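One letter stands for each residue in the lines below.
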Amino acid sequence: DVIAIIGTPNESKKNYIDGLGGGEYVKMIHGLVTGDAPTVNLGSEKNLINCIITLINSKFINSAHDVSDGGLAVALAESCLMNRTFPIGCNVNIKYRVRKDFVLFNESQSWIVISYEKQNESEIARICKEKDIIHANIGVTGGDSIKINDDIKLTLYSSKDAYYDSIRKVMEN
């Protein structure tokens, strides 16, 4: 499948902290629970919701995942691991317009990661344009790892173990 982002994350340099405020990245990396939740543009959010409902009802997409809990990198990893028995890898290439951590862990509203068969691309692009939603291909599914540029490469085996078995392992020790 093709992996794409629809919608518009808040990526301006001026507001780069907006998508990180109160988020998992700041908590895990910096040990802080601080900052305001991301700003929500209700008009953009409504357009995006209408667009994703149309795409789902048309059966043009195979998956959709918001980025509100951990950002793009976490949404991609969770999507790859969604099927516990048959996880599927991804190979994604992102152009960083601002800091990498901001792009990968930005939890701002109004963007969704989707996957779809290549043959549906023109219809998806048409629907997104009709709904005034940005659509950008960022990669493909497949393989045995979660790969984002040259910055992240995690095997499905280790990712699946961490995602599904961490609590059990902590409780056993």
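Here the structure is shown first, and the text comes after it.
Being a predicted model, the structure only gives us computed values, none of them experimental.

Chemist: Kindly report on the side chain of Ser 115, identifying the contributing residues and their values.
Modeler: With respect to the helices and strands, Ser 115 occurs in strand β4 (residues 111-116). What makes Ser 115 buried here is its relative accessible area of 7%. Here Ser 63 takes part through its side chain, which lies 2.6 Å from a polar atom of the side chain of Ser 115. In contact with Ser 115, other than residues within four places in its own chain, are Asp 1, Val 2, Ile 3, Ile 61, Asn 62 and Ser 63.

Chemist: Tell me about the environment of Ala 77, and please be specific about residues and values.
Modeler: Within the fold, Ala 77 resides in helix α3 (residues 72-81). Owing to a relative accessible area of 18%, Ala 77 belongs among the buried residues under this scheme. A sequence separation of 12 residues divides Ala 77 from Gly 89, and the C-alpha atoms of the two residues are 8.4 Å apart.

Chemist: Hey, could you go over the state of the cysteines for me, with residue numbers and the actual values?
Modeler: Enumeration according to the criterion identifies zero disulfides in this entry. Lacking any disulfide linkage, Cys 51 is separated from the closest cysteine sulfur, that of Cys 128, by 3.8 Å. The cysteine Cys 80 is free of any disulfide, with Cys 90 supplying the nearest cysteine sulfur at 3.7 Å.

Chemist: Help me get a handle on the packing of aromatic side chains, residues and values and all.
Modeler: Applying the stated rule across the entire model yields one aromatic pair. Ring centres 4.9 Å apart and planes at 90° place the aromatic pair Tyr 163 and Tyr 164 in the edge-to-face group. Looking at Tyr 164, the relative accessible area reads 25%, which means it is partly exposed.

About the criteria used
- Residues numbered from 1 in each chain as written.
- Predicted model: local features only at pLDDT ≥ 70, side-chain atom pairs only at ≥ 80, totals over all residues.
- Heavy atoms only, no water.
- Helix = DSSP H or I, 4+ residues; strand = E, 2+ residues; numbered from the N terminus.
- Buried < 20%, exposed > 50% of the residue type's maximum accessible area, 1.4 Å probe, protein only.
- Polar contact = N/O pair within 3.5 Å; in protein donor to acceptor, adjacent residues only side chain to side chain.
- Contact = heavy atoms within 4.5 Å.
- Disulfide = S-S within 2.5 Å.
- Phe/Tyr/Trp six-rings, centres within 6.5 Å; stacked < 30°, edge-to-face > 60°.

No statement about biological role is implied by the geometric values presented.
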